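# A closer look at the structure
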Amino acid sequence: MISMTGITKAFHKGDVNEVLALRDVTLHIKDGDFITIIGSNGAGKSTFLNAVAGSFPLDAGSIRLGDDDVTGWPEYRRASLIGRVFQDPLLGTCSGATIEQNLAMALKRGQRRGLGLGVKAADRAFFREKLAMLGLGLEDRLKTSTGLLSGGQRQALTMLMATLVRPRLLLLDEHTAALDPKTGGMVLDLTAEIVQSQHLSALMVTHNMAQAISLGNRLIMFHRGEIVLDIAGEEKRNLKVEDLLRRFSELRGEAGVSDRMLLC
Ligand SMILES: Nc1ncnc2c1ncn2[C@@H]1O[C@H](COP(=O)(O)OP(=O)(O)OP(=O)(O)O)[C@@H](O)[C@H]1O
């Protein structure tokens, strides 16, 4: 079980620009839960993922990843338990290093890294096997610099790196938004396959409601720093985009909510 309890975070505290980005947010995640997260701009989705990853100290609340209370852990220490993929394909891999060097770094996640980027022969065979699963031919390009890869190839590689050592929690922040629809679809298929085959617990932020409905077993909606909708199982399977729009306008107490409010 993974638990975020009473998470509260304000930015620019005490200033006229103070923003209460997260208000007493509680979320309990069962092992294997794949949760999609939607909400309009500024609702608090990314802040929530950043809070879990330890990007800043919380104003209140606690975070438990299995047996570990990680609330006081710095970001680098939490990275030993958390895999992350961002929107920008450039953030997940090191451009100056080769594919195999990037994978070697990913394999050392959570361990003390040496200065060298050496790759062991046994690891190389493992990397080839894993890369072949992507179906992109990268297994024959181990010594290619990742700076030469396309955005989609880099994002697929980042997915592999984030899960090479099984994370207790996988955080995906609009990780296909910067890709063209076909490449984004490929990375999403890969995401679903990895999450299912490794029985991972995952949180995925998306602005695409169709994606939010079709992927995962649970869907939550953020609004003004709070979780205002939490739908799982059968109810989620039967969900339609129109249902979500209706729920969204009911929750906001506003009529005529368009998908733009959620999609943009
Ligand atoms: N580092 C920061 N400093 C100041 N304010 C911030 C910071 N990060 C987020 N915020 C503010 O917190 C609120 C929530 O932002 P957040 O990025 O979490 O929203 P979001 O739901 O991810 O939105 P979007 O879909 O537009 O990315 C916003 O008002 C935002 O301006």
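The rules behind these values
Residues numbered from 1 in each chain as written. Predicted model: local features only at pLDDT ≥ 70, side-chain atom pairs only at ≥ 80, totals over all residues. Pairing = 2+ DSSP bridges. Helix = DSSP H or I, 4+ residues; strand = E, 2+ residues; numbered from the N terminus. Buried ≥ 20, exposed ≤ 12 C-beta atoms within 10 Å, placed from the backbone. Contact = placed C-beta atoms within 7 Å. Core = buried A, V, L, I, M, F, W, Y, C linked by C-beta atoms within 7 Å. Domains from an automatic or database assignment. pLDDT = per-residue confidence, 0-100. Axes fitted to C-alpha atoms, helices over the stretch in contact; angles between N-to-C directions. Parallel < 35°, antiparallel > 145°, perpendicular 65-115°, else oblique. Near = placed C-beta within 6 Å. Nonpolar A, V, L, I, M, F, W, Y, C, P; charged D, E, K, R; others polar.

## Considerations on the sheet that holds strand 1 (residues 2-11)
- Pairing within the open sheet is antiparallel, and its four strands lie in the order 2-1-4-5. Looking at which strands have only one partner, the edges of the open sheet turn out to be strand 2 (19-29) and strand 5 (68-69).
- Sheet topology places strand 1 next to strand 4 (residues 60-65); five bridges connect them, and they run antiparallel. Residue pairing across strands places T5 opposite S62, the latter belonging to strand 4.

## A word on helix 4 (residues 99-107)
- The buried fraction of helix 4 amounts to seven of the nine residues, a majority that puts the element mostly inside the structure.
- Every buried residue belonging to helix 4 is among I99, E100, Q101, N102, L103, A104 and A106, and all of these are buried.
- For helix 4, the secondary structure elements touched by its buried residues are helix 5 (121-132) and helix 6 (151-164).

## Brief notes about the pairing of strand 4
- With two bridges joining them, strand 4 and strand 5 adopt antiparallel strand pairing. Across the sheet, the residue bridging to R64 is D69, located in strand 5.
- Adjacent in sequence and paired antiparallel, strand 4 and strand 5 are bridged by two residues, among which G66 carries a positive phi angle near 60°.

## Some thoughts on the nonpolar core
- In terms of nonpolar packing, the biggest core is built from 65 residues, with I37, L170, L171, L172, A202 and L203 touching the most fellow members.
- There are two domains that each give this core at least three residues, and those are domain 1 (2-93 + 167-263) and domain 2 (95-148).
- Residue contacts for L170: discarding those within four places in its chain leaves G83, A162, T163, V195, L200 and A202.

## Examining the pairing of strand 1
- Pairing of strand 1 with strand 2, which is carried by seven bridges, proceeds in the antiparallel orientation. Of the residues in strand 2, the one forming a bridge with I2 is I29.

## Overview of the domain arrangement of the protein chain
- According to the domain assignment, the protein chain consists of domain 1 (2-93 + 167-263) and domain 2 (95-148).
- Distance from the C-alpha centre of domain 1 to the C-alpha centre of domain 2: 28 Å.

## What about the environment of E174?
- Mapping E174 onto the fold places it in the loop between strand 7 (169-173) and helix 7 (181-197).
- A residue is classified by how many C-beta atoms lie within 10 Å of it, and E174, with 19 of them, is partly exposed.
- Excluding residues within four positions of it along the chain, E174 makes contact with Q87, V205, T206 and H207.

## Brief notes about the confidence of the model for the protein chain
- Summing up the model confidence of the protein chain, the mean pLDDT is 91 and the portion of residues at 70 or higher is 92%.
- Interface confidence for the predicted complex, given as ipTM, is 0.97, next to a pTM of 0.92.

## A few points about the packing of helix 4 against helix 5
- Running from amino to carboxyl end, helix 4 crosses helix 5 at an angle of 100°, the nearest separation of the two axes being 10 Å. Put simply, helix 4 runs roughly perpendicular to helix 5. Where helix 4 approaches helix 5, its residues E100, L103, A104 and L107 are matched on the opposing element by D123, R124 and F127.

## A few points about the site of the ligand
- In the vicinity of the ligand lie 13 residues, with F11, A21, N41, S46 and T47 positioned nearest.
- Put simply, the parts of the chain that give the shell around the ligand at least two residues each are strand 2 and helix 1 (45-53).
- If you tally residues by element for the shell around the ligand, the top one is helix 1, at three residues.
- Grouping the constituent residues of the shell around the ligand by class yields five nonpolar, seven polar and one charged.

## Quick notes on the sheet that holds strand 10 (residues 226-232)
- Taken in spatial order, the six strands make up an open sheet running 6-7-8-3-9-10, and their pairing is mixed. Bordering the open sheet on either side are strand 6 (82-85) and strand 10, each of which pairs with just one other strand. Direction aside, the axes of adjacent strands within the sheet are offset by 20° on average.
- Pairing geometry for strand 9 (residues 218-223) and strand 10, over six bridges, is antiparallel. For R218, the partnering residue across the bridge sits in strand 10 and is A232.
- In the packing of helix 6 onto the sheet, the strands contacted are strand 6 and strand 7, and the crossing angle to strand 6 comes to about 170°.

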